[in-house]
Amino acid sequence: MTHYLLEVQNLAKYFPIKRGIFRRTVGFVKAVDQVSFRIKKGETFGLVGESGCGKSTTGRMILRLLEPTDGKILFEGEDITQYGKKKMRKIRRNLQMIFQDPYASLNPQMTVGQIVSEPLKVHRLYDAEEQKEMVKELLETVGLNHHWRERYPHEFSGGQRQRIGIARALALRPKLIVADEPVSALDVSIQAQVVNLLADLQEKFQLTYIFIAHDLSVVKQISDRVGVMYLGRMVEIAPKKSLYRNPRHPYTEALLSAVPIPNPQVKRERIILQGELPSPANPPKGCAFHPRCPKVMKICKEVRPELIEWEEEHFVSCHLYSPS
Amino acid sequence: MSGWILEVKNLRTEFLTEDGAIPAVDGITWRLNRGETLALVGESGCGKSVTSLSIMGLLPEHGRIATGEILLGGKDLCKNSETEWMKVRGNEIAMIFQEPMTSLNPVLSIGEQMTEGLRKHRKMSRQKADQEAIKALELVGFPRAKEMMKEYPHQLSGGMRQRVMIAMAMVMNPKVLIADEPTTALDVTIQAQILELMRKVKEDLETSILLITHDLGVVAEMADRVVVMYAGQIVEEADVKELFLHPSHPYTDGLLKAVPSLEEEQTRLYSISGTVPLMSDLPTGCRFAPRCQRVMEKCLQAEPKLFQVHENHYARCFLYENPFEGDKR
């Protein structure tokens, strides 16, 4: 038995591009391209990157909400990639998701009580009386008044809705929660409340999180280790401290330097990346980042760099750090 | 040279609902200096965007300016007819919106959209307008500006669209540029490009910018002066350095502490308890009192006015009722 709760090996998702009256496949959008990482029990793994880098697609594949084109997902050492519907449903009790948009991820026709107890019903756990008790407990756990169970989602604010989504994800006592931009739609003061709540719940229920976000400071707050993605590829993985202090990949460096700091007295050296994100349907040859990289070399245009362990636990995929 | 270019005086904007007229902006006053960037900061529902829509005369049908004045070069915009508005919009005041996807017309080429204002307001010939537009596109960093004139918005990425919006706003050389969450929909590396560009444009053309945002990082980087809004009111106003160094209103203080830091290690984020009150159901006394950690008896009974905290620094809080007393530095 490995001590990794989740292992992702060479995971890939290619979406076909279809053209013409016969819907012929003329190419592929490589949304996720050979991504590998491992997650220990009880840790929070932050997944960052800009829009279109494949972070959400990766999150969805882990729950098999999207079918991977290639690669393996191992949960508690077991390969779940080929699991059928029945087996997958069983394992999903352990894998839950929190979505970005608290306005779109709750059914407006269901009461809060129904929303939170739905997973219990689907998995036929507990009788009606017990379920009621569970809902009460869950709502209180996430800081909502349990008398609100008869209310509908539209009666709640964004932050409260996100709490409802969290209560629903917790209902089955999962081991792993994939949180896809859970606080991006929230105001600063509410964002802080939800981030703290997630941290408290992690301690209370020994949860493991995959925290997907584009906001680097939020990811820093909550994560133990962080993976940085660019154009469907993992460019750097490292423990939080070493990533934020010593970013190795030029993309990570640029990304960190681009974040505006709420302190007018700090003047930072900013690396402004030129150009736009290339299309994942037609990624550049060699290193995907090379057309925008300030440190580009000849080899970068030809050879795709491997993800190597440059320092202990600090992985980077860049020719500046070649093993030789 | 007179300093103020745009002045908002005691502005109250209301929305008509089933429960009567509910204010979204409730008596705010501020001035925008020539060549200055003034930031309006606050969380959703605080009235910052409604303020900008009031200035542009773009309020939806059920919205109206109840009282107050909006003075542009001494002229009250509130008294404008729709035709007079047309002359102001895009010409004297230009606006960039949050969503560059929806604020560009998808069926018109970039060139047509870029030159519309020049031809209408300035009565330029097509050729002359095209030249101006190409110059503006080059200014915002498009090397192939000429070809771009024939392209359509869907051919551009989000960051490129926002740059087109800026070019479009700047081509008219407006006195005031209102930027309503200009980078919120963009990725950080693209945000950095756009902020850099806005700074350059401001310096080159000496435009005054009204920046509306919720992002305190963007404020720290771009603004000269900051107005913090809460529940339709101004709760604090100060120069940018002063505000970040000595946040005085407990709300501003809490907001600054609630932002996760890239530089420091925090084990736990500070959070302001509770939520923003509904404008239809405001608490008596100070609007922030139910969430305030330093709440006093008085706060629950009377509404504080803006007290002076320090030079050019005001806060709507009873802690500063006696001038300079609450200011511990």
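Position numbers for residues start from 1 in each chain and track the written sequence from start to end. The lettering of chains begins at A and the numbering of ligands begins at 1, in the order of writing. Totals for whole chains, interfaces and linings use all residues, but because this is a predicted model, local features are given only for residues with pLDDT of at least 70 and pairs of side-chain atoms are given and counted only at 80 or more. Only hydrogens and water are removed before side-chain values are computed, so all heavy atoms of the structure are retained for them.

Enquirer: Is there a simple way to explain the pattern of salt bridges in this structure?
Expert: Side-chain pairing between opposite charges can occur once the charged atoms of the two side chains come close. For this analysis, a salt bridge means a side-chain nitrogen from Lys or Arg found within 4 Å of a carboxyl oxygen belonging to Asp or Glu. Per the stated rule, a full pass over the model turns up 35 salt bridges over all chains. With its nearest N and O atoms 3.0 Å apart, the salt bridge here joins Arg268 of chain B to Asp200 of chain A. Of this pair, Arg268 of chain B sits in the loop between helix H11 (250-258) and strand E11 (307-310) while Asp200 of chain A sits in helix H6 (residues 188-205), each in a different chain. Judged by relative accessible area, Arg268 of chain B falls into the partly exposed class, the value being 45%. Burial here depends on accessible area, computed with a 1.4 Å probe over protein chains only, as a share of the maximum for the residue type. Under 20% is buried, over 50% is exposed, and the range in between is partly exposed. Judged by relative accessible area, Asp200 of chain A falls into the partly exposed class, the value being 35%. In this structure, Lys135 of chain B engages Glu132 of chain B in a salt bridge whose closest nitrogen and oxygen atoms are separated by 3.6 Å. Of this pair, Lys135 of chain B and Glu132 of chain B are both found in helix H5 (residues 126-139), three residues apart, which corresponds to roughly one turn of the helix. Residue Lys135 of chain B is classed as exposed on the basis of its relative accessible area, which comes to 52%. Connected through salt bridges with shared partners, the residues Arg12, Glu14, Asp26, Arg64, Arg287 and Glu303 of chain B form a single ionic network. Secondary structure elements follow DSSP: runs of H or I no shorter than four residues count as helices, runs of E no shorter than two count as strands, and numbering proceeds from the N terminus.

Enquirer: Which parts of the structure should I look at to understand the layout of surface pockets?
Expert: To find leftover empty space, a probe the size of one water molecule is rolled over the atoms. All names here are of chain B. Grid spacing is 1 Å over the protein atoms alone, the probe is 1.4 Å, and a cavity is where that probe fits but cannot get out, while a pocket is an open set with protein on both sides within 12 Å along at least five of seven lines and lining residues have an atom within 4 Å of a point. Grid points are joined across faces, edges and corners, and a volume is the space filled by probe spheres set on the points. Taken as a whole, the second largest pocket spans an internal volume of roughly 790 Å³. Lining the second largest pocket we find 25 residues, and of these Arg89, Gly90, Glu116, Gly117 and Met168 sit closest to its centre. Among the secondary structure elements, those contributing two or more residues to the lining of the second largest pocket are helix H2 (82-88), strand E6 (93-96), helix H4 (110-121) and helix H7 (158-170). The dominant element in the lining of the second largest pocket, judged by the number of residues it contributes, is H4, at six residues. Of the residues that constitute the lining of the second largest pocket, the class distribution is 15 nonpolar, seven polar and three charged. Only Asp, Glu, Lys and Arg are considered charged in this grouping, and only Ala, Val, Leu, Ile, Met, Phe, Trp, Tyr, Cys and Pro are considered nonpolar; every other residue, Gly among them, is considered polar.

Enquirer: What am I meant to see in the interface of chain A and chain B here?
Expert: Interface size is commonly expressed as the accessible surface area that is lost when the partners come together. Residue-level contacts link 41 residues of chain A with 45 residues of chain B. Defined here as a combined quantity, buried area equals the accessible surface (1.4 Å probe) lost by two parts on assembly, summed across both. Roughly 3,700 Å² is buried in total at the junction of chain A and chain B, and carbon and sulfur atoms are behind 56% of that figure. Where chain A meets chain B, there are two salt bridges. For the salt bridge of Arg270 of chain A with Glu221 of chain B, the shortest nitrogen-to-oxygen distance reads 2.8 Å. Between N or O atoms, a polar contact is any pair within 3.5 Å; within protein, one atom must be a potential hydrogen donor and the other a potential acceptor, and residues adjacent in sequence are included only when both atoms are from side chains. Our count for the chain A to chain B interface comes out at 14 residue pairs in polar contact (both at pLDDT 80 or more). Elements with a minimum of two residues in the side of chain A that touches chain B: H6, helix H7 (216-222), helix H8 (240-245) and helix H9 (250-258) of chain A. The element that contributes the greatest number of residues to the side of chain A that touches chain B is H6 of chain A, accounting for nine residues. Class assignment for the residues of the side of chain A that touches chain B results in 18 nonpolar, twelve polar and eleven charged. Any two residues whose heavy atoms approach within 4.5 Å are treated as being in contact.

Enquirer: So what exactly am I meant to see when it comes to the nonpolar core here?
Expert: Proteins that are soluble and globular tend to have nonpolar side chains buried together. We call a set of buried Ala, Val, Leu, Ile, Met, Phe, Trp, Tyr and Cys residues a nonpolar core when their side-chain atoms join them within 4.5 Å. Counting residues in hydrophobic clusters, the biggest one holds 104 residues, and the most contacted among them are Ile166, Leu170, Leu201, Phe211 and Leu216 of chain A together with Val226 of chain B. Per-element accounting of this core gives the leading share, nine residues, to H6 of chain A. What counts as a domain boundary in this text is fixed by an automatic or database domain assignment. When residues of this core are assigned to domains, at least three fall in each of domain 1 (4-223) and domain 2 (230-259 + 271-320) of chain B. Ignoring sequence-local partners within four residues, the contact set of Leu201 of chain A consists of Thr141, Val142, Ile166, Leu170, Gln206, Leu207 and Tyr209 of chain A.

Enquirer: How do you make sense of the state of the cysteines when you look at a structure like this?
Expert: Here, disulfide denotes a covalent bond that connects the sulfur atoms of two cysteines. Residues and elements named next belong to chain B. In this description, the term disulfide denotes a pair of cysteine sulfurs within 2.5 Å. Overall, the coordinates contain zero disulfides over all chains when judged by the stated rule. Counting only cysteine sulfurs, Cys299 is the nearest neighbor of Cys286, a cysteine outside any disulfide, at a range of 6.0 Å. Classification of Cys286 by relative accessible area gives buried; the value is 12%.

Enquirer: Help me out: how do you make sense of the pairing of strand E10 (residues 233-239) of chain B in this one?
Expert: As a general feature of sheets, a regular strand has side chains that alternate between the two faces. Residue and element names in this part refer to chain B. Along E10, six of the seven residues are buried, which leaves the element largely enclosed by surrounding structure. Two strands make a pair as long as DSSP finds a minimum of two bridges between them. Inspection of the sheet shows strand E9 (residues 225-230) paired to E10 by six bridges, in the antiparallel sense. Note that in E10 the partner of Met229 across the bridge is Ile234. Bridge count for E10 against strand E12 (residues 313-315) is two bridges, and the pairing is antiparallel.

Enquirer: Even after reading the chapter, I still don't get the domain arrangement of chain B, so can you show me in this structure?
Expert: All names here are of chain B. For chain B, the assigned domains read domain 1 (4-223) and domain 2 (230-259 + 271-320). Taken residue by residue, the interface counts 14 residues in domain 1 and 17 residues in domain 2. Summing both partners gives a buried area of about 1,300 Å² for domain 1 against domain 2, and 64% of it is carried by carbon and sulfur. Looking at the side of domain 1 facing domain 2, the largest losses of area belong to Asp26, Glu43 and Leu216, adding up to 38% of the total buried there.

Enquirer: What is the right way to look at the packing of aromatic side chains in this model?
Expert: The geometry of two aromatic rings is summed up by the distance between their centres and the angle between their planes. All names here are of chain B. Between the rings of Phe, Tyr and Trp (Trp by its six-membered ring), a pair exists once the centres lie within 6.5 Å; its type follows the angle of the planes, with under 30 degrees stacked, over 60 edge-to-face, and the other angles tilted. For the coordinates displayed, the defined rule picks out eleven aromatic pairs over all chains. Measuring from centroid to centroid gives 5.3 Å for Tyr251 and Phe288, while their planes differ by 65°, and the two rings are edge-to-face. Note that Tyr251 is positioned in helix H11 and Phe288 in the loop between H11 and E11, a separation of 37 residues in sequence. Across this residue pair, the class does not change: Tyr251 and Phe288 are buried. The rule is short: NZ of Lys or CZ of Arg within 6 Å of the ring centre and within 35 degrees of the ring normal puts a charge over the ring. Sitting above the plane of the Tyr270 ring, Lys257 keeps its charged end 4.8 Å from the centroid.

Enquirer: Would you mind going over a negative patch on the surface with me for this structure?
Expert: Patches draw on residues past 30% relative accessible area with no salt bridge. Two like charges within 9 Å are joined, as are two nonpolar side chains (Val, Leu, Ile, Met, Phe, Trp, Tyr) within 5 Å. Exposure was quantified through the Shrake-Rupley algorithm and a 1.4 Å probe, taking into account, for residues, occlusion by the shown protein chains and nothing else. Charge assignment: positive for Lys and Arg, negative for Asp and Glu; neither His nor the chain ends contribute. Charge positions are represented by NZ for Lys, CZ for Arg, CG for Asp and CD for Glu. Taken together, the side chains of Asp127, Glu129, Glu130, Glu133 and Glu140 of chain A define an acidic patch exposed on the protein surface. Counting through the fold element by element, Glu133 of chain A comes out in helix H4 (residues 128-141).

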